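Below are the chains, spelled out letter by letter.
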Amino acid sequence: MNARPASFHPYARLLHWSMAILIVAMLFVGVGMASTVSPLRQTLLALHRPLGLALLVLVALRLAVRLRHRPPPLPAALPAWQRHAAGASHGLLYGLMFALPLVGWAMLSAGDYPLTLAPGLTLPPIVPRDAALYALRRRAHTALALLLFGTVLLHLAAALQHAWLRRDGVMASMAPWRRRPGQSG
Amino acid sequence: MPTPEPLSAGQRTLRLTAIALIAGALALAFAASAGWLTPARLTPGRIVDALQGHDGLHPGFRRAHAKGVCVIGEFAGNGAGAALSKAALFAAGARVPVVGRFSTGGGIPDAPDGRVVFHSMALSFTLPDGSQWRTGMNHVPIFPVATPQDFLAFQLATRPAPATGKPDPARVAAYLAAHPETRAFMAWLREHPLPSSFANGTYYSVNAFRFIDAAGTARTVRWRMQPEAPFAELDKATLAQRDADFLFADLATRLRAGPLRWQLIVTLAGPGDAGNDATRPWPADRRELTLGTLTLERATLEDDGPCRDLTFDPLILPAGIAASDDPLLAARSAAYARSFTRRAGEPAPRSALARDPSFRETVR
């Protein structure tokens, strides 16, 4: 009954890859819009807010899927430090995926910025107005985003290392395509 | 899983290099998006740095329009705007709460009021659906610069030299020689009187915007707040002798006596009127409509007032009002946000008005 699956649940893989694309896009949109005074800023801002909310919904779904469907085990041959690094970085990724949209929302609430997703659709504040906390959260939002980008890069490098150097099936367990029988293990 | 064939040293190196190249390329693209590879990019931080360089760093205060007072009131729509914009505040009978701020131009929070600078009215209307309309307006219908790049260049050219405390005349002259629109603005300031009070000033939208009606039709507009109080002229010759806070004290005294009212008037762009150039006035014969009445009821100190921690970001707009293609709008939005992040993170000292006992008496 407790046998671990050979690969991630199809929902987990679907969420992983769709969120991967959205998160990388969000990080580029975010640093881009924060660094310019050109009209492009407004276009990026109009993307950033609804995308951020969508990612918050997606990471909540993803956590539910993760808790319901156990992930496949890491290969037994993996050194302990890599096993720990994998666990810690996945925990960090989940934490940041929740933290970034929530800090973003709380920052706008504290700064009394209406969170308008589309004309006529304004979300309510989630924390009281507080300028000092706005400043703190605004800076935290940037710092956490840079940390997320760094963690994503490490995650990508580690995944490619599994795929191309160790060739131990870890990358395949999250592959977006269906695994052929016999490829598992 | 069967153990794969071991890799040769060459294969290993090649694959490691490929991984490093992929991660490196992504990091490089990220750095490019963030502007880290292009120091010449006009960032919000550079605009705010230029303002601080011009007027000095005054922690806790706005980097522009540093001296101000909060006002509270409401706006009542008369229905005439409903055909132009679906924004709820223009419907007949609509009443929405307003928080505002009167300010004088410049980044020095203790500057005396007797200077030839912008007199400004900024407003934040809160609509029933929670959306807001924020607008920062000046008493001059035209702006000195048309682009964020020129705004920065103008700030740098007119920056006081440390030795003299005055801008370098040669740099100012060089800037003005290249910018007829800034000369036109300076001429306008020279030729037109300053209003004697915040209460009898007309305040203009600075930029053009678009009004969107229920059918989705967009029209380019500018707006202004026209006072009920009759215009009176400030004597520029005696300006420097006036009390440091006379404009703000006058406003607070008038508000103690009763509410102050302005009519919101919108001007529709005619053919050929530029929506993207705040330095150019539109012809006087353009169609205008009065959309409603702003009533301001009281003033409060910024220190504990509702306007200090607001940015009057001109791109916080409700459905029915949208940005024009004026390049200043995104720059104002970005620079105000950066200024807010900086000042909100600093301890807020007491404002000049809070330290003026006679002013405090009038807003008590």
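Now for a quick tour of the structure. These numbers come from a predicted model, not from an experiment.

## Some words on the overall build of chain A
Line of reasoning, step 1. For chain A, the helix and strand inventory stands at five helices and two strands.
Line of reasoning, step 2. For chain A, the sequential pattern of α-helices and β-strands runs α-α-α-β-β-α-α.
Line of reasoning, step 3. Referenced to the eigenvectors of the C-alpha coordinate spread, the extents of chain A come out at roughly 55 × 30 × 30 Å.
Line of reasoning, step 4. Per-residue burial for chain A yields a buried fraction of 45% across its 185 residues.
Line of reasoning, step 5. Look at the contacts in chain A between residues 6 or more apart in sequence, and 70% of them connect residues 24 or more apart.
Line of reasoning, step 6. Here chain A has roughly 9700 Å² of accessible surface; of this, 72% comes from carbon and sulfur atoms.

## What about the overall build of chain B?
Line of reasoning, step 1. When helices and strands are counted, chain B shows eight helices and ten strands.
Line of reasoning, step 2. Looking at the 364 residues of chain B, the share that counts as buried comes to 53%.
Line of reasoning, step 3. Sequence separation of 24 or more characterises 75% of the internal contacts of chain B that already satisfy a separation of 6 or more.
Line of reasoning, step 4. Put simply, chain B shows about 15600 Å² of open surface, and 58% of that area lies on carbon and sulfur atoms.

## With respect to the interface of chain B and chain A
Line of reasoning, step 1. Chain B puts 51 residues into the contact, and the matching count from chain A is 40 residues.
Line of reasoning, step 2. Taking both partners together, chain B and chain A bury about 3900 Å²; carbon and sulfur atoms supply 66% of that area.
Line of reasoning, step 3. In this structure, the connection of chain B to chain A is made through zero salt bridges.
Line of reasoning, step 4. At the junction of chain B with chain A, the criterion picks out eleven residue pairs in polar contact (both at pLDDT 80 or more).

## What to know about a nonpolar patch on the surface
Line of reasoning, step 1. Together, L146(A), L28(B), W36(B) and L37(B) make up an exposed nonpolar region whose accessible area comes to about 430 Å².
Line of reasoning, step 2. Of note, L28(B) is situated in helix α1 (residues 9–33).
Line of reasoning, step 3. Note on L28(B): relative accessible area 53%, which makes it exposed.

## Things to note about the packing of helix α1 (residues 10–34) of chain A against helix α4 (residues 131–166) of chain A
Two quantities define a packed helix pair, namely the angle between the helix axes and the distance between the axes.
Residue and element names in this part refer to chain A.
Line of reasoning, step 1. Closest axis-to-axis distance for the α1/α4 pair is 11 Å, and the angle between their directions is 135 degrees. In terms of their interaxial angle, α1 and α4 are classed as oblique. The two elements α1 and α4 cross, and the hand of that crossing is left-handed. Along the contact surface, α1 presents H16, I23, V24, L27, F28 and A34, while α4 presents R138, A145, L148, F149, V152 and H155.

Procedures and definitions
- Residues numbered from 1 in each chain as written.
- Chains lettered and ligands numbered in written order.
- Predicted model: local features only at pLDDT ≥ 70, side-chain atom pairs only at ≥ 80, totals over all residues.
- Heavy atoms only, no water.
- Helix = DSSP H or I, 4+ residues; strand = E, 2+ residues; numbered from the N terminus.
- Buried < 20%, exposed > 50% of the residue type's maximum accessible area, 1.4 Å probe, protein only.
- Contact = heavy atoms within 4.5 Å.
- Areas by Shrake-Rupley, 256 points an atom, 1.4 Å probe, with all protein chains shown as cover.
- Buried area = accessible area lost by both parts, 1.4 Å probe.
- Salt bridge = Lys/Arg side-chain N within 4 Å of Asp/Glu carboxyl O.
- Polar contact = N/O pair within 3.5 Å; in protein donor to acceptor, adjacent residues only side chain to side chain.
- Patch = residues over 30% accessible without salt bridge, like charges linked within 9 Å, V, L, I, M, F, W, Y side chains within 5 Å.
- Axes fitted to C-alpha atoms, helices over the stretch in contact; angles between N-to-C directions.
- Parallel < 35°, antiparallel > 145°, perpendicular 65-115°, else oblique.
- Left-handed = near helix turned anticlockwise from the far one by under 90°.

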